[in-house]
Amino acid sequence: MTRKELTQVFDAFDKMHILIIGDVMVDSYLWGSVNRISPEAPVPIIATTGRENRLGGAANVALNIQSLGAKPIMCSVIGNDSAGDIFKQLLKTNQLPSNGIISSGKRKTTVKTRIISQNQHLLRIDEEENQPLEETLSTKLQAHIEDLLNTYKIDAIIFEDYDKGVLTPSTITETVRIAKNKGIPTLVDPKKRNFAAYKGVTFFKPNLKEFKEGANVDVNSNNQEGLLKAAQQFAKEQHIRNFMLTMAEKGVMILSDDRHHFIPAEVRDIADVSGAGDTVISVSALCLSAGLEEKQVAAIANMAGGLVCEHSGVVPIDKQELLDECLEKLTN
């Protein structure tokens, strides 16, 4: 790919609308420093220096899509609670639309609190509810999805599944059906519970742990032949067009039809891997919508995932930083 072609791809992101369906949450951070151990128990004492709330889960995918220049549209369910109020305020602060967000007194807004000292992740506290949506809420969510698909010209749909219950098999199946009829590509960042529910999607992106658990396969990242065979079998059974497996320091594997590629990870100064998967699926959606071939999609997404790992906490990708690195390493 030439420098001009790659720049044109990144410019094309600005005209895209991406629908993101899944589990949204608040990422809460408590920053501080540890200088002593508690006399009450053998645990560190952290002297706090700051607190911060950020958008997390599927909402972090929206931030990545926005940071890359495209227009994210989220569809999810949050609780009618104080954390839900924080979430809605964060949407407003980040200039993200809220018309696809449903508030319900029957749900609890997910909050993940990370305690960090000197860039070291000490502890995470999860406040959440992970039961599947009850039928009334599921029906309301599906109506929201269809309304958004009829209101906007959607270039791709991302299912962002964190196993918190917003995505159910019926929602997935019906949305994939509608997307196929409209010619809209569908991409999935899956978790275990719905792993086999995404039949017929365009792009399926688990990490190695998720693939082993979700598909019940015993493979490791050192066995490329075994990985490829297991992935090909799963993709064939599930009628998946593109299958991309992320493997941390071993890079990514992508297969499409009878083609496959192993792409090594970039050497990085890793600060935090949180949110890297959100970045990878966001970049993949835009590159796929721009018409890039599967190897190019995987290479750019792999690079983006590595870049965000150089930052502490969950942060969206910087478009210019990604473009600069792609221009340096991926053009001829």
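Please refer to the structure placed before this passage.
Residues numbered from 1 in each chain as written. Predicted model: local features only at pLDDT ≥ 70, side-chain atom pairs only at ≥ 80, totals over all residues. Heavy atoms only, no water.

Novice: Quick one: what's the story with the packing of aromatic side chains, residue by residue and with numbers?
Specialist: What the rule picks out here adds up to 11 aromatic pairs. Centroid distance Phe204 to Phe243: 5.9 Å. Interplanar angle 25 degrees. Geometry classified as stacked. Taken together, the residues span a long stretch of sequence, with Phe204 in strand β10 (residues 203-204) and Phe243 in strand β11 (residues 242-246) at a distance of 39 residues. Exposure remark for Phe204: the relative accessible area of 1% places this residue in the buried category. Of the aromatic side chains, those joined through ring pairs into one cluster are Phe159, Phe195, Tyr198, Phe204, Phe211, Phe234 and Phe243. The lysine or arginine in question, Arg54, covers the ring of Tyr29, its NZ or CZ lying 4.5 Å from the ring centre. (Phe/Tyr/Trp six-rings, centres within 6.5 Å; stacked < 30°, edge-to-face > 60°. Helix = DSSP H or I, 4+ residues; strand = E, 2+ residues; numbered from the N terminus. Buried < 20%, exposed > 50% of the residue type's maximum accessible area, 1.4 Å probe, protein only. Lys NZ or Arg CZ within 6 Å of the ring centre and 35° of its normal.)

Novice: Describe the packing of helix α8 (residues 276-289) against helix α9 (residues 294-308), and please don't skip the residues or the numbers.
Specialist: The N-to-C vectors of α8 and α9 enclose an angle of 150 degrees; their axes lie 8 Å apart at closest approach. The angle between α8 and α9 places the two elements in the roughly antiparallel class. The element α8 and its partner α9 pack so that their crossing is right-handed. In contact with Ala276, Thr279, Val280, Val283, Ser284, Cys287 and Leu288 of α8, α9 contributes Val297, Ile300, Ala301, Ala304, Gly305 and Val308. (Axes fitted to C-alpha atoms, helices over the stretch in contact; angles between N-to-C directions. Parallel < 35°, antiparallel > 145°, perpendicular 65-115°, else oblique. Left-handed = near helix turned anticlockwise from the far one by under 90°. Contact = heavy atoms within 4.5 Å.)

Novice: Quick rundown of the pattern of salt bridges? Include the residues and the values.
Specialist: Summed over the entire model, instances satisfying the criterion amount to 16 salt bridges. For the salt bridge of Arg54 with Glu52, the shortest nitrogen-to-oxygen distance reads 3.2 Å. You can call Glu52 partly exposed: its relative accessible area is 34%. A salt bridge links Glu210 to Lys191, with the nearest nitrogen and oxygen atoms 2.9 Å apart. Highlighted residues: Glu210 in helix α6 (residues 208-215) and Lys191 in the loop between β9 (186-189) and β10, separated in sequence by 19 residues. (Salt bridge = Lys/Arg side-chain N within 4 Å of Asp/Glu carboxyl O.)

Novice: I'd love a proper account of empty space enclosed by the protein, names of residues and values included.
Specialist: The full count for this structure, using the stated rule, is 1 cavity of 30 Å³ or more. Roughly 80 Å³ of volume is contained in the largest cavity. Taken together, Asp23, Val24, Ser76, Val77, Arg107, Lys108, Thr109, Thr110, Glu129, Lys164 and Val166 make up the full set of residues lining the largest cavity. Among the residues forming the lining of the largest cavity, the class breakdown is 3 nonpolar, 3 polar and 5 charged. (1 Å grid on protein atoms, 1.4 Å probe; cavity = no way out; pocket = protein on both sides within 12 Å on 5 of 7 lines; lining within 4 Å. Points joined across faces, edges and corners; volume = space filled by probe spheres on them. Nonpolar A, V, L, I, M, F, W, Y, C, P; charged D, E, K, R; others polar.)

Novice: Which residues make up the side chain of Asn242, and what are the values?
Specialist: Note that Asn242 resides in strand β11. If we skip the residues at most four places from it in the chain, Asn242 touches Thr202, Phe203, Phe204, Leu255, Ser256, Leu288 and Glu294.

Novice: Can you break down the pairing of strand β7 (residues 120-127) residue by residue, with the values?
Specialist: Pairing analysis gives 7 bridges linking strand β6 (residues 110-117) to β7, with the strands arranged antiparallel. The partner of Ile116 across the bridge, within β7, is His121. The turn joining β6 and β7, which pair antiparallel and follow one another in sequence, is formed by 2 residues; a positive phi near 45 degrees is taken by Gln118. (Pairing = 2+ DSSP bridges.)

Novice: Outline helix α5 (residues 169-182), listing residues and values.
Specialist: Under the 1.5 Å per step criterion, the end-to-end length of α5 is 20 Å for 14 residues, consistent within 8% with the ideal 20 Å. Considered for burial, the residues of α5 that qualify are Thr171, Ile172, Thr175, Val176, Ile178 and Ala179. Along the axis of α5, the buried positions cluster into a sector of 165 degrees, meaning they face one direction only. For α5, the exposed residues set more than 90 degrees away from the buried face come down to Lys180 and Asn181. Trailing α5 by a residue or two, Gly183 shows a phi angle of about 70 degrees, which is positive. (Expected span 1.5 Å × (residues − 1). Arc of directions from axis to C-beta.)

Novice: Got a sec to walk through a nonpolar patch on the surface? Specific residues and values, please.
Specialist: Taken together, Leu122, Leu123 and Ile125 make up a surface patch of nonpolar side chains, about 250 Å² in accessible area. Note that Leu123 resides in strand β7. Judged by its relative accessible area of 45%, Leu123 falls in the partly exposed class. (Patch = residues over 30% accessible without salt bridge, like charges linked within 9 Å, V, L, I, M, F, W, Y side chains within 5 Å. Areas by Shrake-Rupley, 256 points an atom, 1.4 Å probe, with all protein chains shown as cover.)

Novice: How would you explain the nonpolar core if you had to name every residue and give the values?
Specialist: Judged by nonpolar contacts, the single largest core of 59 residues is most densely connected at Phe10, Ile20, Met74, Phe87, Ile158, Ile300 and Leu322. Considering every element that reaches this core, the biggest residue donor is α9, with 9 residues. Once you skip the residues sitting within four places of it in the chain, Ile20 turns out to touch Ala58, Val61, Ala62, Ile65, Pro72, Ile73, Met74, Cys75, Ile158 and Glu160. Listed in part, the 43 residues of the second largest apolar core include Ile21, Ile102, Tyr198 and Leu208. (Core = buried A, V, L, I, M, F, W, Y, C linked by side-chain atoms within 4.5 Å.)

Novice: Please set out a negative patch on the surface residue by residue, giving values where relevant.
Specialist: On the surface, Asp318, Glu321, Asp324 and Glu328 cluster together to form a negatively charged patch. Along the polypeptide, Glu321 turns up in helix α10 (residues 319-329). (Lys, Arg positive; Asp, Glu negative; His and termini not counted. Charge placed at Lys NZ, Arg CZ, Asp CG, Glu CD.)

Novice: Before we move on, can you summarise the sheet that holds β6 with the specific residues and values?
Specialist: Read across the open sheet, the 4 strands follow the order β3-β2-β6-β7; overall the sheet is mixed. A single partner strand is all that each edge strand has here, and the edge strands are β3 (44-57) and β7. Each adjacent strand pair in this sheet contributes to an overall mean axis angle of 20 degrees, direction not counted. In the packing of helix α2 (residues 58-67) onto the sheet, contacts are made with β2 (24-37) and β3, and the angle to β3 comes to roughly 70 degrees.

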